[in-house]
Amino acid sequence: MQAKERIILALDVDSRQQALSLVKELAPYVGMFKVGMELFNSTGPAIVSAINDCGGRVFVDLKFHDIPNTVASAGRVLTRLNCAMFNVHAAGGRAMMTALSREVRLEAERLGVAVPITLAVTVLTSISQPELEKDMLISGLSVEEVVVNWALAAKECGIAGVVCSPHEIAAIRRACGADFKIVSPGIRPAWSEAHDQKRITTPAQAVELGADYIVIGRPITAASDRVAAAQKIIEELEAAKC
Ligand code: C5P
């Protein structure tokens, strides 16, 4: 994969105008744009087509978690919207992930379009080991063991990959094999501020550990020269050993 294709730019803004201005400026330097709850809920689903029309592919980051029929139907709608990638919570269960994978594949076949990349979110990186045990009642397993087990379940249900912390990349890659897609946020080039990210990894380290895609927001969007920041990250990825 080309270095540029590995970069997913997080559009953490709340207006169509701000989002499309970033897309127009940065579409030549990144592979995809991530639309999260903030932007999707303020602009509506039309933002996906608007980004596509500006030459950008879209990762819809809404982390669906509901019964199988509801999530599968939402996946069908996102396939129609020409979304390139979207995610669900693995905690929604195997029946939900299996129904989703099937529905998305059938809808893409019906429309004659590429099947969107479906991703599972396993344990949110904001959940600590004590919370896993005390609040979620999962005991006797480390966060990493739960993450790897749910990633394997997602794979068995036809989900294409996972979103995970850079610290979980190597274990998931080992357990799930070379074809399973790994998308990782928490990325900071050595020259960038950490902001509120705590356990960070550089772009090169993330792909060397086995990530296919890295999600990056502020190191590019808050840079004084956004294009130069994106180009520096592309150069770093080109020099990485993977
Ligand atoms: O600006 P920054 O590079 O920190 O943005 C990272 C993006 O990845 C944000 O949209 C954030 O919500 C998302 N993300 C994250 N950590 C996770 C999951 C998602 O930073 N564990």
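Residues numbered from 1 in each chain as written. Predicted model: local features only at pLDDT ≥ 70, side-chain atom pairs only at ≥ 80, totals over all residues. Heavy atoms only, no water.

Undergrad: It is not clear to me how the packing of helix H1 (residues 16-26) against helix H11 (residues 226-239) should be interpreted in this structure. Could you clarify?
TA: Two packed helices can be described by the angle between their axes and the distance between those axes. Look at H1 against H11: their axes get within 10 Å of each other, and the N-to-C directions meet at 55°. With respect to H11, the element H1 is oriented oblique. Note that H1 runs across H11; the crossing there is right-handed. Mapping the contact onto sequence places Leu-22, Glu-25 and Leu-26 in H1 and Arg-226, Val-227 and Ala-230 in H11. Among the residues forming the contact of H1 with H11, the class breakdown is 4 nonpolar, no polar and 2 charged. (Axes fitted to C-alpha atoms, helices over the stretch in contact; angles between N-to-C directions. Helix = DSSP H or I, 4+ residues; strand = E, 2+ residues; numbered from the N terminus. Parallel < 35°, antiparallel > 145°, perpendicular 65-115°, else oblique. Left-handed = near helix turned anticlockwise from the far one by under 90°. Contact = heavy atoms within 4.5 Å. Nonpolar A, V, L, I, M, F, W, Y, C, P; charged D, E, K, R; others polar.)

Undergrad: Whenever I open this one, unusual backbone geometry confuses me. Can you help?
TA: When glycine is set aside, most residues are seen to have a negative phi, and most peptide bonds are trans. Despite not being glycine, Asn-82 has its phi angle at roughly 65°, a positive value. Considering the arrangement of structural elements, one finds Asn-82 in the loop between helix H4 (68-80) and strand E4 (85-89). Despite not being glycine, His-195 shows a phi value in the positive range, around 55°. Inspection of the secondary structure puts His-195 in the loop between strand E7 (181-184) and helix H9 (203-209). Accessibility expressed as a relative area gives 32% for His-195, which makes it partly exposed. (Buried < 20%, exposed > 50% of the residue type's maximum accessible area, 1.4 Å probe, protein only.)

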